[in-house]
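Residue-level structural notes
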Amino acid sequence: MAGRSSRTAPKVAVLMGGASAEREVSLVSGRECAAALREAGYEVVEVDAGRDLASRLAAIAPDVCFNALHGRWGEDGCVQGMLEWLSIPYTHSGVLASALAMDKTRAKAAFRSAGLPVAESVIAPKAEVMARHVMPPPYVVKPNAEGSSVGVYIVSKDANSPPRLGDEMPEVAMVEEYVPGRELTCSVLGERAMCVTEIVTAGWYDYHAKYAPGGSRHVCPAEIPAEISEAARDYALRAHRALGCRGLSRSDFRWDEARGLAGLFILETNTQPGMTPTSLSPEQARAEGIGFADLCRWIVEDASCGR
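Structural notes, computed from the coordinates.

Quick notes on the rules
- Residues numbered from 1 in each chain as written.
- Predicted model: local features only at pLDDT ≥ 70, side-chain atom pairs only at ≥ 80, totals over all residues.
- Heavy atoms only, no water.
- Salt bridge = Lys/Arg side-chain N within 4 Å of Asp/Glu carboxyl O.
- Helix = DSSP H or I, 4+ residues; strand = E, 2+ residues; numbered from the N terminus.
- Buried < 20%, exposed > 50% of the residue type's maximum accessible area, 1.4 Å probe, protein only.
- Axes fitted to C-alpha atoms, helices over the stretch in contact; angles between N-to-C directions.
- Parallel < 35°, antiparallel > 145°, perpendicular 65-115°, else oblique.
- Left-handed = near helix turned anticlockwise from the far one by under 90°.
- Contact = heavy atoms within 4.5 Å.
- Phe/Tyr/Trp six-rings, centres within 6.5 Å; stacked < 30°, edge-to-face > 60°.
- Lys NZ or Arg CZ within 6 Å of the ring centre and 35° of its normal.
- Pairing = 2+ DSSP bridges.
- Arc of directions from axis to C-beta.
- Nonpolar A, V, L, I, M, F, W, Y, C, P; charged D, E, K, R; others polar.

1. Details of the pattern of salt bridges
One pass over the full model with this rule turns up 16 salt bridges. R238 is the salt-bridge partner of D234, the closest N and O atoms lying 3.0 Å from each other. In this pair, D234 and R238 both sit in helix α8 (residues 226–243), four residues apart, roughly one turn of the helix. The class of R238 is partly exposed, set by a relative accessible area of 26%. The partner of D302 in a salt bridge is R307, and the shortest N-O contact between them spans 2.7 Å. For R307, a relative accessible area of 12% translates into the label buried. One network of salt bridges, in which partners are shared, links K108, K142 and E176.

Have a look at this one:
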């Protein structure tokens, strides 16, 4: 861990909260990670990231920042750039990888260049998406630069009219071909693709299903053919590398089992996966024999600048 001071217990500033649509989830992630890091022997300071973050970090003088922020400003390269400027080692991906992964259109371009299968999509103004079907149904409408299923709309095959989008949808949206089938996800830790999880829900894997207790059921490892499991792990690692990710990332997939391997599509890569009690990456790490405190310790020890 570059930049460590001479104090006995390294001081870790856990960045959480922030001002994105995913603030509440980030607060839970941050508190969980802070508790685990204290258990692992670190001196921990919990920091609710606001506009005074740079001055607060200057006063705290941490050895490393554990970035538990989710969504805009914390996961899109912004806070990473500030930490580079302050020369404070930090966790997860760097400026460029974070910005690429948060922008779903640019991430898809990187995936295509790496030979990964992606669903067709277009970017369109919000007003146009509400005025007409910009692609034949079924399709999904989502923000181009948010996570945690914030503002996701599914337009069914027999929909007579385009969707009415809420205020949470930005003025420009992504409209993506709907891929039927099963929800799969796979985390990468460093250069190690972990086991695949299947997410089972009553409906769409939305914000509530992700974070509410009982909102979804995780089958880890997924009960799927070995060929699909190996392909998902391979795709997750290739996506991690294509974006230039560091530390921990998690890639999400849809698999249409009627089509076999041809039905497996990568949807997106999360550069700062959730670290809540219902989150997927900690479950996958446990399945690989890595406890939560050890996972958080690995992430801290991996921290650096110039990521």
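2. So, the packing of helix α5 (residues 104–113) against α8
Running from N to C, α5 and α8 cross one another at 115 degrees; their axes reach a closest spacing of 9 Å. Judged by the inter-axis angle, α5 sits roughly perpendicular to α8. Crossing of α5 against α8: the hand is right-handed. Each of A107, A110 and F111 in α5 lies in contact with α8, whose residues at this interface are A239, A242 and L243.

3. Quick look at the packing of aromatic side chains
Under the counting rule described, the total for this entry stands at one aromatic pair. Look at Y235 and F253: their rings are 6.4 Å apart centre to centre, the planes differ by 40 degrees, and that puts the pair in the tilted class. Residue Y235 is located in helix α8, and its partner F253 is located in strand β11 (residues 248–255); the two are separated by 18 residues in the primary sequence. In this structure Y235 comes out as buried when scored by relative accessible area, which is 12%. The cationic tip of R72 hangs over the ring face of W73; the distance from NZ or CZ to the ring centre is 4.5 Å.

4. Here we look at the sheet that holds strand β2 (residues 43–48)
Here we have three strands laid out as an open sheet, ordered β2-β1-β3, and parallel in their pairing. Because the sheet does not close on itself, it has two edges, and the strands there are β2 and β3 (64–67). Between one strand axis and the next, the sheet turns through 25 degrees on average, direction left out of account. In this sheet, β2 lies alongside strand β1 (residues 11–16) in parallel orientation, the contact comprising six bridges. For A13, the partnering residue across the bridge sits in β2 and is V45. Packing of helix α2 (residues 53–60) onto the sheet brings it into contact with β1, β2 and β3, and relative to β2 it is tilted by some 165 degrees.

5. Remarks on helix α3 (residues 78–86)
Taken together, the buried positions of α3 are occupied by V79, Q80 and L83. Seen end-on, α3 carries its buried residues on one side only, within an arc spanning 105 degrees. Against the buried residues of α3 lie β1, α2, β3 and α4 (95–102).

6. With respect to the environment of L96
One can find L96 in helix α4. L96 gets classed as exposed once you look at its relative accessible area, which sits at 61%.

7. Digging into the sheet that holds strand β9 (residues 192–200)
Spatially, the five strands line up as an open sheet ordered β10-β9-β8-β11-β12, and their pairing is antiparallel. Edge positions in the sheet fall to β10 (217–219) and β12 (264–270), since each of these pairs with one other strand and no more. Pairs of neighbouring strands in the sheet enclose a mean axial angle of 30 degrees, with direction left out of account. Summarising the sheet, β11 and β12 pair through six bridges and their orientation is antiparallel.

8. Observations regarding the pairing of β9
Along β9, seven of the nine residues are buried, which leaves the element largely enclosed by surrounding structure. When strand β8 (residues 182–189) meets β9, the two strands line up antiparallel, connected through six bridges. Bridging from a neighbouring strand, T185 pairs with T197 of β9. Pairing of β9 with β10 involves three bridges; the strand directions are antiparallel. Looking at β10, one finds that E198 is bridged to V219.

9. Let's talk about the packing of α4 against α5
When two helices pack together, their arrangement is captured by the angle between the axes and the distance separating the axes. Two elements in contact, α4 and α5, have axes separated by 5 Å at closest approach and are oriented at 105 degrees. Judged by the angle between their axes, α4 and α5 are roughly perpendicular. Facing L100, A101 and M102 of α4, the residues of α5 in contact are K104, R106 and A107. Considering only residue class, the contact of α4 with α5 consists of four nonpolar, no polar and two charged.

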